[in-house]
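# Examining the three-dimensional arrangement
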Amino acid sequence: MMTDQQSSPVSAPADSAAARQRFDDFGLAPEILRALRDQGYEYPTPIQAQAIPVVLQGRDVMGAAQTGTGKTAGFSLPIIQRLMAHANNSASPARHPVRALILTPTRELADQVAENVKAYSRHTGLRATVVFGGVDIAPQVTALRSGVEIVIATPGRLLDHVAQKSINLSQTQILVMDEADRMLDMGFLPDLQRIINLLPRQRQNLMFSATFSPEIKKLAASFLSNPQTIEVARSNATSDNVTQILYEVKEDEKRDAIAFILRERGLKQVIVFTNTKIGASRLSVHLVKQGVKAAAIHGDKSQSERMTALEDFKRGAVEVLVATDVAARGLDISEMPCVINYDLPFNAEDYVHRIGRTGRAGAKGDAISLCGAQDDKALADIEKLTGRKIVRLQLAGFVPTSAPAFREREHRSEYRGDQRSENRHEQRGEGRSRGGYGAAREKVDPWFLRPYTPNTAPASARNEKSAAANNTAAPKPQKRAALLGGLRKTSVTG
DNA sequence: AAAAAAC
């Protein structure tokens, strides 16, 4: 099933209607166009409009594109076309040699790309299968032996299949390296080298990367031949559709702050990223205890647990997916209005990838991050990479502030007229009106978006003790507990 | 510092 937004919907904006290209204009086979119609896709996204003709020509491509731009269809549609055009070459010894290989860094991404490729090729007779670790290898061997033209794989399990001779890559004409920057980060370079050595010299190479580091350029220089560069958004830039919000919250209050934000904003589809696997599990447990439909996904979970969590999240049974960076890249989940960073990531590039999970395909999104006083360097790195200044804000009741809790409630009651908050208010059976964040988005609550002024002590003196000493102005614990308690009560009834 | 990926 398609859950992504790989292509523009039919109701695309009308601004460029006169010159707007349609999928019909690329000379794609009727079988492919039919599959696109099945999905309701008519207009290509910018990266598809650029990539499809170039890939059809057989050229190598270096694509700088974030996920959600329609990258997967951008390469898979022309690949399918090319495989159809040169179908069943009689010179091939194997009846169904693997003719296109798509490599991804994570298992979930491989699975998702495979779903897309299968959907696009369903009327063509071409067959695709996915292979990745953590699951029984036998069904994969059976699928490969039955003959498939397109294989989507993570590198380790693919080499496993090579070792046990369940796959033959000697006829593979097209190689795609998706999320190439991630694969480098994860140390896949030796595996990539090994895999590439198994492929014919003469082949088409497509490399996609969300960021464009010197290492990526080096990889492109060594693996690609005379590539056409395709760049959609400025690389390393964050989407204009994403509003970035940063709250200063003490480490031991972050769990409550997350619960508070989830409830206050009425969030239903949100990923919360943590820096550690244990952190993801703990936060998930904490949220479940508070009545939040949460589940954790990280590399220490079994593959079946990972798949279940992701499926439950996609169908809405899980509303809050607490994830490590296993979910930071590539995952395309529709209608994600918000992404939350429990911690700022160690690596600034990971920040770009994490918040890229929202604001997809033209939709608006919020990226909310929690940070501590010690995150100055991480924040500076992020601002440098994204080229944007992110203001530290205070989260009502959670940061050193002179604001009494009652003032905060007064301010929120200004949004009494908001229909959505009225509805929520009724559902909660709550006595006092509480501002919703949805429709009143433009009139932002001043206590939620008030710039936080960190203490002015020199950074060297700002160790944990001095930070704690500066927190004397924080609201009394009882007051905050009352505030949270009120919210908790409402969630039980609601 | 962490995470991811083959067994």
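What counts as what
Residues numbered from 1 in each chain as written. Chains lettered and ligands numbered in written order. Predicted model: local features only at pLDDT ≥ 70, side-chain atom pairs only at ≥ 80, totals over all residues. Heavy atoms only, no water. Helix = DSSP H or I, 4+ residues; strand = E, 2+ residues; numbered from the N terminus. Buried < 20%, exposed > 50% of the residue type's maximum accessible area, 1.4 Å probe, protein only. Contact = heavy atoms within 4.5 Å. Areas by Shrake-Rupley, 256 points an atom, 1.4 Å probe, with all protein chains shown as cover. Pairing = 2+ DSSP bridges. Domains from an automatic or database assignment. Buried area = accessible area lost by both parts, 1.4 Å probe. Salt bridge = Lys/Arg side-chain N within 4 Å of Asp/Glu carboxyl O. Polar contact = N/O pair within 3.5 Å; in protein donor to acceptor, adjacent residues only side chain to side chain. Axes fitted to C-alpha atoms, helices over the stretch in contact; angles between N-to-C directions. Parallel < 35°, antiparallel > 145°, perpendicular 65-115°, else oblique. Left-handed = near helix turned anticlockwise from the far one by under 90°. Nonpolar A, V, L, I, M, F, W, Y, C, P; charged D, E, K, R; others polar. Phe/Tyr/Trp six-rings, centres within 6.5 Å; stacked < 30°, edge-to-face > 60°. Lys NZ or Arg CZ within 6 Å of the ring centre and 35° of its normal.

### Thoughts on the overall build of chain A
The secondary structure content of chain A amounts to 18 helices and 17 strands. Looking at chain A as a whole, 56% of its 494 residues are labelled buried. In chain A, the proportion of contacts linking residues at least 24 apart, taken out of those at least 6 apart, comes to 75%. Entry remark: accessible area of chain A is about 21500 Å², with carbon and sulfur atoms responsible for 51%.

### Focus on the pairing of strand β10 (residues 242-248)
Burial of β10 is extensive: six of the seven residues sit out of reach of the surface. Sheet topology note: the β10/strand β15 (residues 365-371) ladder contains seven bridges and is parallel. Across the sheet, E248 pairs through a bridge with C371, a residue of β15. With three bridges joining them, β10 and strand β16 (residues 392-394) adopt parallel strand pairing. For E248, the partnering residue across the bridge sits in β16 and is Q394.

### A closer look at the domain arrangement of chain A
Per the domain assignment, the segments of chain A are domain 1 (8-231) and domain 2 (242-418 + 447-493). Taken together, the contact between domain 1 and domain 2 spans 19 residues of the former and 20 residues of the latter. Surface buried jointly by domain 1 and domain 2 totals about 1600 Å² across both partners, of which 47% is contributed by carbon and sulfur atoms. In this structure, the connection of domain 1 to domain 2 is made through two salt bridges. R182 serves as the salt-bridge partner of D350, at 3.7 Å between the closest nitrogen and oxygen. Our count for the domain 1 to domain 2 interface comes out at four residue pairs in polar contact (both at pLDDT 80 or more).

### Describing the packing of helix α2 (residues 46-56) against helix α3 (residues 71-85)
In a packed pair of helices, the relevant descriptors are the angle between the two axes and the axis-to-axis distance. As a packed pair, α2 and α3 sit with axes 8 Å apart at the nearest point and diverge in direction by 25°. Judged on the interaxial angle alone, α3 and α2 are roughly parallel. In terms of crossing hand, the pair formed by α2 and α3 is right-handed. Every residue of α3 that contacts α2 at I47, Q48, A51, I52, V55 and L56 is listed here: K71, A73, G74, L77, P78, I79, Q81 and R82. Its residues assigned to classes, the contact of α2 with α3 shows nine nonpolar, three polar and two charged.

### Quick word on the pattern of salt bridges
As a working rule, side chains carrying opposite charge can pair if their charged atoms are close by. According to the stated counting rule, one finds 20 salt bridges in the structure shown. With a shortest N-O distance of 3.1 Å, R194 and D191 are connected by a salt bridge. Of this pair, R194 and D191 both sit in helix α8 (residues 189-198), three residues apart, which is roughly one turn of the helix. Among the residues examined, R194 registers a relative accessible area of 46% and is labelled partly exposed. R265 is paired through a salt bridge with D366; the nearest N and O atoms lie 3.1 Å apart. A residue pair is termed long-range when its members are at least 10 positions apart, and R265 in helix α10 (residues 254-265) and D366 in strand β15 qualify at 101 residues. Several salt bridges converge on common partners, so that one network encompasses K71, D178 and E179.

### As for the packing of aromatic side chains
Taken as a whole and judged by the stated rule, the model has two aromatic pairs. Each ring, one from F23 and one from F26, has its centre 6.5 Å from the other, and the planes form 55°; the classification is tilted. Take F23: its relative accessible area is 1%, and that puts it in the buried class. Here the basic side chain of K254 rests over the ring of Y342, its NZ or CZ set 5.5 Å away from the ring centre.

### A few points about the sheet that holds strand β4 (residues 100-103)
Spatial ordering of the open sheet is given by β5-β6-β4-β7-β8-β3-β9, a layout of seven strands whose pairing is parallel. Both outer strands of the open sheet, β5 (128-131) and β9 (228-231), are each paired with one neighbouring strand and no more. Looking at each pair of strands side by side, their axes are set apart by 15° on average, direction ignored. The pairing of strand β7 (residues 174-177) with strand β8 (residues 204-209) spans four bridges and is parallel. Counterpart to V176 in the pairing with β8 is L206. Against the sheet, α2 contacts β3 (61-64), β8 and β9, and its axis sits at roughly 165° relative to β9.

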